[in-house]
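# Report on the structure
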Amino acid sequence: ALGNLERSVAADTTFGTPLSLMGQIHLALGDYEEAEKEFARSVELDESSVSAWTGLGRAILLQGRVDEASAKLAHAREIDGTYTPALRNLAECRRLEGDEAGARERLDEALALNPRDPGTLATLGRLQRNEGDIAAALASYRTAMEQLVTLPIVGAE
(Lines give C-alpha, C1' and ligand atoms only; values in the text may rest on other atoms or scores of the structure.)
Protein backbone atom coordinates (compact mmCIF):
# COMPACT_ATOMS: atom_id res chain seq x y z
CA ALA A 1 0.00 0.00 0.00
CA LEU A 2 2.80 2.42 0.82
CA GLY A 3 4.34 1.90 -2.61
CA ASN A 4 1.08 2.73 -4.36
CA LEU A 5 0.62 5.81 -2.20
CA GLU A 6 4.16 6.95 -2.91
CA ARG A 7 3.38 6.70 -6.63
CA SER A 8 0.22 8.77 -6.05
CA VAL A 9 2.24 11.43 -4.23
CA ALA A 10 4.77 11.53 -7.07
CA ALA A 11 1.99 11.78 -9.68
CA ASP A 12 0.29 14.74 -7.98
CA THR A 13 2.46 16.66 -5.54
CA THR A 14 -0.40 19.05 -4.70
CA PHE A 15 -2.82 16.41 -3.34
CA GLY A 16 -2.51 15.77 0.43
CA THR A 17 -4.78 12.76 0.84
CA PRO A 18 -2.21 10.08 -0.12
CA LEU A 19 0.20 11.60 2.41
CA SER A 20 -2.48 11.42 5.08
CA LEU A 21 -3.14 7.77 4.21
CA MET A 22 0.60 7.07 4.43
CA GLY A 23 0.55 8.70 7.87
CA GLN A 24 -2.28 6.40 8.95
CA ILE A 25 -0.29 3.36 7.84
CA HIS A 26 2.80 4.57 9.69
CA LEU A 27 0.67 5.12 12.81
CA ALA A 28 -0.61 1.55 12.56
CA LEU A 29 2.96 0.30 12.16
CA GLY A 30 4.09 2.25 15.23
CA ASP A 31 6.41 4.53 13.25
CA TYR A 32 5.15 7.75 14.85
CA GLU A 33 7.96 10.00 13.63
CA GLU A 34 7.36 9.03 10.01
CA ALA A 35 3.60 9.38 10.52
CA GLU A 36 4.17 12.89 11.86
CA LYS A 37 6.20 13.80 8.76
CA GLU A 38 3.53 12.51 6.37
CA PHE A 39 0.68 14.24 8.20
CA ALA A 40 2.66 17.49 8.38
CA ARG A 41 3.21 17.37 4.61
CA SER A 42 -0.50 16.64 4.11
CA VAL A 43 -1.49 19.60 6.28
CA GLU A 44 0.85 21.87 4.30
CA LEU A 45 -1.02 20.90 1.13
CA ASP A 46 -4.52 21.04 2.60
CA GLU A 47 -4.89 23.14 5.73
CA SER A 48 -8.61 22.32 5.87
CA SER A 49 -8.16 18.55 6.26
CA VAL A 50 -9.52 17.61 9.68
CA SER A 51 -8.27 14.04 9.29
CA ALA A 52 -4.72 15.20 8.52
CA TRP A 53 -4.68 17.58 11.51
CA THR A 54 -6.08 14.81 13.72
CA GLY A 55 -3.49 12.33 12.46
CA LEU A 56 -0.75 14.87 13.07
CA GLY A 57 -1.99 15.42 16.61
CA ARG A 58 -2.22 11.67 17.22
CA ALA A 59 1.30 11.04 15.92
CA ILE A 60 2.67 13.80 18.15
CA LEU A 61 0.65 12.54 21.13
CA LEU A 62 2.05 9.04 20.71
CA GLN A 63 5.53 10.55 20.91
CA GLY A 64 4.65 12.03 24.30
CA ARG A 65 4.44 15.69 23.27
CA VAL A 66 1.03 16.27 24.84
CA ASP A 67 0.89 20.09 24.72
CA GLU A 68 1.84 20.20 21.05
CA ALA A 69 -0.61 17.40 20.24
CA SER A 70 -3.37 19.20 22.10
CA ALA A 71 -2.86 22.32 19.96
CA LYS A 72 -3.03 20.33 16.70
CA LEU A 73 -6.13 18.46 17.85
CA ALA A 74 -7.83 21.66 19.02
CA HIS A 75 -7.23 23.05 15.55
CA ALA A 76 -8.79 19.93 14.02
CA ARG A 77 -11.80 20.46 16.27
CA GLU A 78 -12.08 24.06 15.06
CA ILE A 79 -12.22 22.78 11.48
CA ASP A 80 -14.92 20.21 12.28
CA GLY A 81 -16.30 19.89 15.80
CA THR A 82 -18.11 16.67 14.85
CA TYR A 83 -15.00 14.65 13.93
CA THR A 84 -14.95 12.07 16.71
CA PRO A 85 -11.30 10.98 16.30
CA ALA A 86 -10.22 14.56 17.06
CA LEU A 87 -12.49 14.67 20.11
CA ARG A 88 -11.31 11.36 21.52
CA ASN A 89 -7.65 12.24 21.00
CA LEU A 90 -8.26 15.59 22.68
CA ALA A 91 -9.83 13.63 25.55
CA GLU A 92 -6.65 11.56 25.76
CA CYS A 93 -4.59 14.78 25.93
CA ARG A 94 -6.78 16.13 28.72
CA ARG A 95 -6.46 12.84 30.63
CA LEU A 96 -2.68 12.92 30.34
CA GLU A 97 -2.69 16.56 31.49
CA GLY A 98 -4.61 15.48 34.60
CA ASP A 99 -7.83 17.19 33.49
CA GLU A 100 -10.26 14.30 34.00
CA ALA A 101 -13.30 16.61 33.71
CA GLY A 102 -12.05 18.00 30.38
CA ALA A 103 -11.36 14.48 29.16
CA ARG A 104 -14.87 13.40 30.11
CA GLU A 105 -16.39 16.43 28.33
CA ARG A 106 -14.60 15.62 25.07
CA LEU A 107 -15.61 11.94 25.33
CA ASP A 108 -19.21 12.87 26.06
CA GLU A 109 -19.20 15.05 22.93
CA ALA A 110 -17.78 12.20 20.85
CA LEU A 111 -20.22 9.65 22.27
CA ALA A 112 -23.17 11.96 21.63
CA LEU A 113 -22.12 12.06 17.97
CA ASN A 114 -21.32 8.35 17.66
CA PRO A 115 -22.21 6.23 20.71
CA ARG A 116 -20.91 3.04 19.14
CA ASP A 117 -17.45 4.20 18.03
CA PRO A 118 -14.99 1.54 19.24
CA GLY A 119 -12.09 3.98 19.60
CA THR A 120 -14.11 6.38 21.70
CA LEU A 121 -15.47 3.55 23.84
CA ALA A 122 -11.95 2.22 24.44
CA THR A 123 -10.76 5.72 25.41
CA LEU A 124 -13.72 5.99 27.78
CA GLY A 125 -12.72 2.64 29.28
CA ARG A 126 -9.19 3.93 29.95
CA LEU A 127 -10.60 7.03 31.63
CA GLN A 128 -12.98 4.96 33.77
CA ARG A 129 -10.16 2.56 34.70
CA ASN A 130 -7.99 5.51 35.77
CA GLU A 131 -10.91 6.83 37.84
CA GLY A 132 -11.06 3.44 39.58
CA ASP A 133 -14.44 2.43 38.11
CA ILE A 134 -13.36 -0.99 36.90
CA ALA A 135 -16.91 -2.27 36.29
CA ALA A 136 -17.73 0.69 34.03
CA ALA A 137 -14.36 0.36 32.27
CA LEU A 138 -15.01 -3.31 31.55
CA ALA A 139 -18.45 -2.48 30.18
CA SER A 140 -16.97 0.19 27.88
CA TYR A 141 -14.21 -2.17 26.69
CA ARG A 142 -16.78 -4.94 26.13
CA THR A 143 -18.99 -2.65 24.05
CA ALA A 144 -15.96 -1.48 22.04
CA MET A 145 -15.02 -5.08 21.30
CA GLU A 146 -18.59 -5.96 20.35
CA GLN A 147 -18.61 -3.07 17.89
CA LEU A 148 -15.34 -4.21 16.35
CA VAL A 149 -16.61 -7.76 15.96
CA THR A 150 -19.87 -6.66 14.35
CA LEU A 151 -18.40 -4.15 11.89
CA PRO A 152 -19.34 -5.15 8.35
CA ILE A 153 -16.59 -6.60 6.22
CA VAL A 154 -16.42 -4.98 2.80
CA GLY A 155 -17.07 -7.54 0.08
CA ALA A 156 -18.35 -10.21 2.46
CA GLU A 157 -21.61 -11.87 1.54
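Okay, the side chain of Thr54 next. Looking at where Thr54 falls in the secondary structure, it is placed in helix α4 (residues 50–61). Only 2.8 Å separates the side chain of Thr54 from the backbone oxygen of Val50, close enough to count as a polar contact.

The terminal C-alpha atoms of helix α9 (residues 134–150) lie 24 Å apart, and with 17 residues this matches the ideal 24 Å at 1.5 Å per residue to within 8%. Its buried side turned inward, α9 meets α8 (118–130).

This model, assessed by the stated rule, comprises 11 salt bridges. For Asp117, the salt bridge is made with Arg88, and the minimal N-O distance between the two is 2.5 Å. A residue pair is termed long-range when its members are at least 10 positions apart, and Asp117 in the loop between α7 (100–113) and α8 and Arg88 in helix α6 (residues 84–96) qualify at 29 residues. You can call Asp117 buried: its relative accessible area is 12%. Residue Arg106 pairs with Glu109 through a salt bridge whose shortest N-O separation is 2.6 Å. In this pair, Arg106 and Glu109 are both assigned in helix α7, three residues apart and thus about one turn of the helix distant. Here Arg106 falls in the buried class, since its relative accessible area comes to 12%.

With that settled, the discussion passes to the side chain of Arg94. Along the polypeptide, Arg94 turns up in helix α6. Leave out the neighbours within four places in its chain, and Arg94 touches Ser70, Asp99, Gly102 and Ala103.

Rules behind the numbers
- Residues numbered from 1 in each chain as written.
- Predicted model: local features only at pLDDT ≥ 70, side-chain atom pairs only at ≥ 80, totals over all residues.
- Heavy atoms only, no water.
- Helix = DSSP H or I, 4+ residues; strand = E, 2+ residues; numbered from the N terminus.
- Polar contact = N/O pair within 3.5 Å; in protein donor to acceptor, adjacent residues only side chain to side chain.
- Expected span 1.5 Å × (residues − 1).
- Contact = heavy atoms within 4.5 Å.
- Salt bridge = Lys/Arg side-chain N within 4 Å of Asp/Glu carboxyl O.
- Buried < 20%, exposed > 50% of the residue type's maximum accessible area, 1.4 Å probe, protein only.

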